[in-house]
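# Remarks on the overall topology
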Amino acid sequence: MTPEWDGLLLDARLATMQANGTPYGLVEHGAIGWKDGTIVFAGAQSALPGDPSGLAARVESAQGALVTPGLVDCHTHLVFGGDRAHEFEQRLEGTSYEEIARSGGGIASSVRATRAADDDALFAQSLPRAKALLADGVTTIEIKSGYGLDVDSELRMLRVARRLGETLGVGVRTTLLSAHALPPEYAGRPDDYITLVCEAILPAAAREGLADAVDAFCEKIAFTPAQTRRVFEVARAHGLRVKLHADQLSDLGGAALAAEFDALSADHLEWTGDDGVRALAAAGSVAVLLPGAYYALRETKLPPIDAFRAAGVPIAIATDLNPGTSPLLSLRLAMGMACTLFRLTPEEALRGATVNAARALGLADRGMLARGLRADFVVWAAARPADLCYWIGGSLARAVHVGGRPIAR
C-alpha cells in the first residue's frame with residue numbers, strides 16, 4: 001500500500017493554538033501529518049488512523065520536542081537601504097532626534113539610501129534580515145514599503161519584498177506604506193504629497209498587484225487623520241484592506257479611524273483611549289503591539305493591555321523590524337519583551353505571534369496546527385511553550401517547515 005501522506009512527525013508536544021480548552025491547545029504525545037503542503041492530521045498520536053509507517057512517505061520522531069505553528073511577523077519594514085547605527089550612537093552621546101533629523105538623518109536618511117540602491121543591492125541588503133527571522137521560526141513575514149516615497153522607489157521595495165519570499169520559500173505579505181513620512185522634495189506640502197500617494201503611487205501598486213494591504217502613519221509628526229482618511233478611501237476603492245500605525249505618540253483617534261475602515265489591524269497603540277478600544281473590538285480588528293520600538297525609544301506609556309483583554313480585542317506581537325526605532329531581528333525576542341514590558345502571558349505572546357498575527361494579515365489558512373491549514377510549523381529545542389519567551393536570545397528553532405517543506409536556514 002502506497003503511503004498517502006508526504007510526511008509524519010511523531011512523539012511531539014503540539015502547541016496547536018486551537019481553542020480546545022487546554023492552554024496553548026496543547027496535545028501531549030502528539031503527531032502532525034501533512035500532504036501537498038497542507039496539514040492532514042494534528043492531534044494525539046494514539047488517534048492516528050493506522051500504523052505510522054504505512055501512513056506517510058517520511059516518518060520522523062520529534063523526540064518529545066515542542067512543535068508550534070510557524071511564527072508570523074505581521075509588522076516589519078524589512079526592506080531598506082543602509083542602516084542608522086550611527087544615529088543610535090549619536091543619540092546615546094547626547095544628540096537629540098530633532099537635531100539628527102535637521103542634519104538629514106532619521107527617515108530621510110533611509111529614504112536616500114533606499115532610493116540610491118538598485119534592486120539587486122536592496123535585495124542583498126535585505127536578505128540577511130529575512131534569513132534571521134526565518135532562523136528564529138518565522139514562516140510568514142509582512143513587509144512594508146515606506147522608504148521610497150516616490151512611485152518608482154515604492155514599487156521597487158514591494159517587488160524586492162516579493163522576491164525575498166520567492167527566494168527563501170516563505171510567505172510574504174506586502175503592505176504599501178507610502179504615507180509613512182514626507183519626502184524632502186515635498187517639504188511643507190503634505191497635502192500635495194498625499195495627492196501623489198492617492199493619484200499615482202497607490203493606483204500603480206494596485207494595478208501591478210504588488211500590495212496586499214495599505215498602511216499609513218497617523219501621528220503629529222507624520223499625517224493627520226484627514227490625510228489618512230484620503231489614503232484609506234482610495235485603498236478601499238481599489239479593493240485593498242488597510243492597516244494603521246495608530247496612537248503611538250498621542251491619541252489622534254487613529255484606532256477608531258482604522259476601525260471605521262474595517263482595518264485588519266491597528267499597530268503601536270500606546271496612547272489609544274477607551275473609544276479606540278471599543279471601536280477595535282466592534283470592528284474585529286487586531287491590536288498589534290510592537291515592544292521592540294517601545295524598548296528602543298525607551299517609552300513609558302504602556303498600551304491599554306487590560307482594556308484590550310476586557311473588550312476581547314485580539315492582540316498580536318511583531319518585531320517592527322526597521323532601521324531607526326526597532327532594529328529587531330527576532331520575533332521570539334519580541335514575544336519575550338511583550339511578556340516583560342507589557343506583562344502579557346507567554347500564552348498570549350505565542351498566540352500573538354501565530355493565530356492573531358495571521359489574522360492581522362487577513363490569513364485564515366495558518367497560525368494554528370489544524371487539519372486543512374498550511375503545514376507551517378516549527379520544531380523547537382524546547383519542551384514547554386513558555387520556554388520560547390523565557391529564554392532571552394539564543395537559537396531554539398531546530399527545524400522550520402513551510403508548506404510541509406523543511407527550509408534551509
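Since we're looking at a predicted model, the values are computed, not measured.

## Some words on the nonpolar core
- If you look at the biggest cluster of nonpolar residues, it comprises 101 residues, and the most contacted ones within it are Leu78, Val79, Val231, Phe308 and Trp380.
- Residue contributions to this core peak at eight residues, all from helix H7 (residues 190–207).
- Viewed by domain, this core spans two of them, domain 1 (5–69 + 368–406) and domain 2 (71–360), each represented by three or more residues.
- One finds Ala12, Ile32, Ile39 and Phe377 within the second-largest nonpolar core, a separate group that totals 14 residues.

## Side note on the UniProt feature "binding site: Zn(2+)" (unreviewed entry) in the protein chain
- Per the UniProt record, "binding site: Zn(2+)" (unreviewed entry) is annotated on His75, His77, His245 and Asp320. The annotated residues occupy 246 residues of the chain but converge on a single region, no pair of C-alpha atoms lying more than 12.2 Å apart.
- With respect to the element layout, histidine 75 can be found in the loop between strand E6 (71–73) and helix H2 (85–92).
- A relative accessible area of 0% places histidine 75 in the buried class.
- With residues near it in sequence (within four places) discarded, histidine 75 still touches Glu142, Lys144, His245, Asp267, Val288, Leu290, Ala318, Thr319, Asp320 and Leu321.
- Position of aspartate 320 among the secondary structure elements: in the loop between strand E13 (315–317) and helix H13 (331–342).
- Overall, aspartate 320 belongs to the buried group, its relative accessible area being 2%.
- Apart from residues no more than four positions distant in its own chain, aspartate 320 is found in contact with His75, Thr76, His77, His268, Leu290, Ala293, Thr325 and Ser326.
- One polar contact links aspartate 320 to histidine 77, side chain to side chain, over a distance of 3.2 Å.

## Overview of the packing of helix H5 (residues 119–135) against helix H6 (residues 151–168)
- Running from N to C, H5 and H6 point in directions that differ by 50°, and their axes come no closer than 10 Å. Put simply, H5 runs oblique to H6. Classified by chirality, the crossing of H6 by H5 is right-handed. Across from Asp119, Asp120, Leu122, Phe123, Ser126, Leu127, Ala130 and Lys131 in H5, the residues of H6 making contact are Arg156, Met157, Val160, Arg163, Leu164, Thr167 and Leu168.

## Here's the deal with the sheet that holds strand E10 (residues 241–246)
- With parallel pairing, the eight strands of this open sheet are ordered in space as E6-E7-E8-E9-E10-E11-E12-E13. Since the sheet does not close on itself, it has two edges, and those belong to E6 and E13, each with one partner. Averaged over all neighbouring strand pairs, the angle between strand axes comes to 25°, with direction disregarded.
- Where strand E9 (residues 213–218) meets E10, four bridges bridge the pair, whose relative direction is parallel. By the bridge assignment for E10, phenylalanine 217 is matched with histidine 245.

## Details of the environment of arginine 229
- Relative to the assigned elements, arginine 229 resides in helix H8 (residues 225–237).
- The class of arginine 229 is partly exposed, set by a relative accessible area of 29%.
- Taking the C-alpha atoms as reference points, arginine 229 and arginine 359, 130 residues apart in sequence, are found 23 Å from one another.
- Contact partners of arginine 229, with chain neighbours within four places excluded, come to Leu257, Glu260 and Phe261.

## A few points about the packing of aromatic side chains
- Tallied over the entire structure, the rule returns eight aromatic pairs.
- Look at tryptophan 34 and phenylalanine 377: their rings are 5.1 Å apart centre to centre, the planes differ by 50°, and that puts the pair in the tilted class. A residue pair is termed long-range when its members are at least 10 positions apart, and tryptophan 34 in strand E2 (residues 26–35) and phenylalanine 377 in strand E14 (residues 377–380) qualify at 343 residues.
- Judged by its relative accessible area of 5%, tryptophan 34 is buried.
- Ring geometry for phenylalanine 80 versus tyrosine 147: centroids 6.2 Å apart, planes at 75°, classification edge-to-face. In this pair, phenylalanine 80 sits in the loop between E6 and H2 while tyrosine 147 sits in the loop between strand E7 (138–144) and H6, placing the two residues 67 residues apart along the sequence.
- Look at phenylalanine 80 and you get buried, because its relative accessible area is 4%.
- Joined through ring pairs, the aromatic side chains of Tyr186, Tyr193 and Phe223 make up one cluster.

Analysis parameters
- Residues numbered from 1 in each chain as written.
- Predicted model: local features only at pLDDT ≥ 70, side-chain atom pairs only at ≥ 80, totals over all residues.
- Heavy atoms only, no water.
- Core = buried A, V, L, I, M, F, W, Y, C linked by side-chain atoms within 4.5 Å.
- Buried < 20%, exposed > 50% of the residue type's maximum accessible area, 1.4 Å probe, protein only.
- Helix = DSSP H or I, 4+ residues; strand = E, 2+ residues; numbered from the N terminus.
- Domains from an automatic or database assignment.
- UniProt positions renumbered as here; feature names shortened; annotations may be inferred.
- Contact = heavy atoms within 4.5 Å.
- Polar contact = N/O pair within 3.5 Å; in protein donor to acceptor, adjacent residues only side chain to side chain.
- Axes fitted to C-alpha atoms, helices over the stretch in contact; angles between N-to-C directions.
- Parallel < 35°, antiparallel > 145°, perpendicular 65-115°, else oblique.
- Left-handed = near helix turned anticlockwise from the far one by under 90°.
- Pairing = 2+ DSSP bridges.
- Phe/Tyr/Trp six-rings, centres within 6.5 Å; stacked < 30°, edge-to-face > 60°.

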